[in-house]
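Below, each chain spelled out in residue letters.
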Amino acid sequence: MSLSSNSSPSSERYVGRFAPSPTGPLHFGSLVCALGSYLDAIAHGGHWLIRMEDLDPPREVPGAAERILHSLHTHGLHSHSPVVWQSKRHDLYQHALQQLRAQDQIYPCSCTREQVRRAGGHTKANCIGESGPHSLRFQCAGAREGFTDIWQGAQQQAIDEDPILKRKDGLYAYQLAVVVDDIAQGVNHVVRGADLLDCTGIQRCLFRALGAEPPQFGHLPLVMNEAGQKLSKQNHAAPLDDNKASSNLIQALGFLGLRPSQDLAANTPAHILVWASAHWQRKAVDRHNRRSTNSTTATPGNS
Ligand code: GLU
């Protein structure tokens, strides 16, 4: 699919999604991703889903999932199907592992990170195997993946390590769950932040191993803070102020290359989203990570 086109290559209905992890409240950078995925889906007559990636309890912040859903709702971003929670889908992940095991594409591994590194990224052949607690690794090291990203253009990714699909502590890994759910939910367009571009090659391999065609990927530019870091929960990006939903949306639209008039900010989020989906253009999005010219990106204490 070309950057200059807003049309879908096939007659299949566009299905997109936003998949936050509940490790903290949404910030301006996550709003940009949610909004970009929403607008790209709506502008293509698509279906847009919210999936809560509550897969890793030790990293979760109590109440964050509900707060994220409330923020999305306040900003007019409603899932077209009931929100799916990964914590309730372990059977699906287990089933996918059984399929990969039957295909001889995963193996148990109790190597340390250093052993994996010294084994040149690893393969089943030089794994010390299953002694004590072990993870399950997907055999794909050495593969090369070429694809065209909607915004980041032509990509060539060399996979240098067999990724973990189930961790030593028994938790299912992000790489497995995200692919299994995208397949199960019929997602054919993944629009998300450019921080996830590097794991796309692995995910494409996993889609095919599970018998599915990889979706079209589009990685949006990241919003950076004053220190040149990606806005993130880890570096204490300010939570979105839900009382300023309309003005947050106007600022996020500006970051995505739309030019709403300031008058639009006096409208409801629903009204702003109707305007935005009619004006959405992939080619207006500048693919480079950068700061946003607004006050919501400030790190508390630095502004
Ligand atoms: N849950 C992931 C995150 O919050 C995003 C997954 C994805 O969009 O593929 O970083």
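None of the values given here were measured: they were computed from a predicted structure.

## Section: the overall build of the chain
Alright, step 1. Across its full length, the chain holds eight helices and twelve strands.
Alright, step 2. Compactness check: the chain gives a C-alpha radius of gyration of 20 Å against a globular reference of 19 Å for 303 residues, within 12% of the reference.
Alright, step 3. With respect to the principal axes defined by its C-alpha atoms, the chain has extents near 65 × 45 × 35 Å.
Alright, step 4. By the burial criterion, 53% of the 303 residues in the chain qualify as buried.
Alright, step 5. Within the chain, contacts between residues separated by at least 24 positions form 76% of all contacts whose residues are at least 6 apart in sequence.
Alright, step 6. Total accessible area computed for the chain in this model is approximately 13,700 Å², and 51% of it derives from carbon and sulfur atoms.

## A closer look at the site of the ligand
Alright, step 1. The ligand sits among Arg17, Ala19, Pro20, Ser21, Glu53, Tyr174, Val178, Arg192 and Leu196.
Alright, step 2. The separation between a nitrogen atom of the ligand and a polar side-chain atom of Glu53 is 2.5 Å.
Alright, step 3. In the model, an oxygen atom of the ligand is placed 2.7 Å from a nitrogen or oxygen of the Arg192 side chain.
Alright, step 4. Notes on the ligand: free accessible area 300 Å², of which the protein chains cover 80%.
Alright, step 5. Here the residues of the shell around the ligand sort into five nonpolar, one polar and three charged.

## Considering the confidence of the model for the chain
Alright, step 1. Mean pLDDT over the chain stands at 91; residues scoring 70 or higher make up 91%.
Alright, step 2. Confidence over residues 1-9 falls short of pLDDT 50; this stretch has 20 contacts with residues more than four positions distant or in other chains.
Alright, step 3. Taken together, the stretch residues 295-303 has pLDDT below 50 and engages in 20 contacts with residues farther than four places along the chain or on a different chain.

## Side note on the pattern of salt bridges
Charged atoms that come close allow side chains of opposite charge to pair.
Alright, step 1. Overall, the coordinates contain 15 salt bridges when judged by the stated rule.
Alright, step 2. Note that Arg137 is salt-bridged to Glu161, the shortest N-O span being 3.4 Å. With Arg137 in strand E5 (residues 135-138) and Glu161 in the loop between strand E7 (153-158) and strand E8 (164-166), this residue pair connects regions lying 24 residues apart in the sequence.
Alright, step 3. Residue class for Glu161 comes out partly exposed when judged on its relative accessible area of 26%.
Alright, step 4. With a shortest N-O distance of 2.7 Å, Arg167 and Asp169 are connected by a salt bridge.
Alright, step 5. Assessed through its relative accessible area of 26%, Arg167 is described here as partly exposed.
Alright, step 6. Via salt bridges that share partners, Arg17, Arg51, Glu53, Arg89, Asp181 and Asp182 belong to a single interconnected network.

## Structural notes on the nonpolar core
Alright, step 1. Judged by nonpolar contacts, the single largest core of 40 residues is most densely connected at Leu35, Leu72, Leu77 and Leu256.
Alright, step 2. Those elements giving two or more residues to this core turn out to be helix H1 (28-43), strand E2 (47-52), helix H2 (64-74), helix H7 (245-255) and helix H8 (269-279).
Alright, step 3. The biggest single contributor to this core is H1, with nine residues.
Alright, step 4. The contacts of Leu77, once residues within four sequence positions are left out, are Leu31, Ala34, Leu35, Tyr38, Trp48, Ile50, Leu72 and Leu273.

## Description of the state of the cysteines
Alright, step 1. Enumeration over the complete set of coordinates arrives at zero disulfides.
Alright, step 2. Left unpaired, Cys33 is separated from the closest cysteine sulfur, that of Cys199, by 13 Å.
Alright, step 3. Exposure remark for Cys33: the relative accessible area of 13% places this residue in the buried category.
Alright, step 4. With no disulfide of its own, Cys111 has Cys109 as its nearest cysteine by sulfur position, at a separation of 3.8 Å.
Alright, step 5. A relative accessible area of 6% means that Cys111 is categorised as buried.

## Brief notes about the pairing of E7
Alright, step 1. The pairing of strand E6 (residues 144-149) with E7 spans six bridges and is classified as antiparallel. From the neighbouring strand, Thr148 faces E7, where its bridge partner is Ala154.
Alright, step 2. In this antiparallel pair of consecutive strands, E6 and E7, the connection spans three residues.

## Quick look at the packing of aromatic side chains
Alright, step 1. Counted under the stated rule, the structure contains four aromatic pairs.
Alright, step 2. When the ring of Trp151 is compared with that of Trp280, the centres are 6.3 Å apart and the planes differ by 75 degrees; the resulting orientation is edge-to-face. A residue pair is termed long-range when its members are at least 10 positions apart, and Trp151 in the loop between E6 and E7 and Trp280 in the loop between H8 and strand E12 (290-291) qualify at 129 residues.
Alright, step 3. A cation over an aromatic ring shows up here: Arg290 above the ring of Phe255, its NZ or CZ 4.1 Å from the ring centre.

## So, the sheet that holds E8
Alright, step 1. What the three strands build is an open sheet, ordered E4-E5-E8; its pairing is antiparallel. Taken across any chain shown, the strands that pair with only one partner, and hence form the sheet edges, are strand E4 (106-109) and E8. In this sheet, neighbouring strand axes are inclined to one another by 45 degrees on average, regardless of whether the strands run parallel or antiparallel.
Alright, step 2. Across two bridges, the pairing between E5 and E8 is antiparallel. When the sheet's bridge partners are listed, Arg137 is paired in E8 with Ile164.

Thresholds, definitions, all that
- Residues numbered from 1 in each chain as written.
- Predicted model: local features only at pLDDT ≥ 70, side-chain atom pairs only at ≥ 80, totals over all residues.
- Heavy atoms only, no water.
- Helix = DSSP H or I, 4+ residues; strand = E, 2+ residues; numbered from the N terminus.
- Rg over C-alpha atoms; globule rule 2.2 N^0.38 Å.
- Buried < 20%, exposed > 50% of the residue type's maximum accessible area, 1.4 Å probe, protein only.
- Contact = heavy atoms within 4.5 Å.
- Areas by Shrake-Rupley, 256 points an atom, 1.4 Å probe, with all protein chains shown as cover.
- Near = heavy atom within 4 Å.
- Polar contact = N/O pair within 3.5 Å; in protein donor to acceptor, adjacent residues only side chain to side chain.
- Nonpolar A, V, L, I, M, F, W, Y, C, P; charged D, E, K, R; others polar.
- pLDDT = per-residue confidence, 0-100.
- Salt bridge = Lys/Arg side-chain N within 4 Å of Asp/Glu carboxyl O.
- Core = buried A, V, L, I, M, F, W, Y, C linked by side-chain atoms within 4.5 Å.
- Disulfide = S-S within 2.5 Å.
- Pairing = 2+ DSSP bridges.
- Phe/Tyr/Trp six-rings, centres within 6.5 Å; stacked < 30°, edge-to-face > 60°.
- Lys NZ or Arg CZ within 6 Å of the ring centre and 35° of its normal.
- Axes fitted to C-alpha atoms, helices over the stretch in contact; angles between N-to-C directions.

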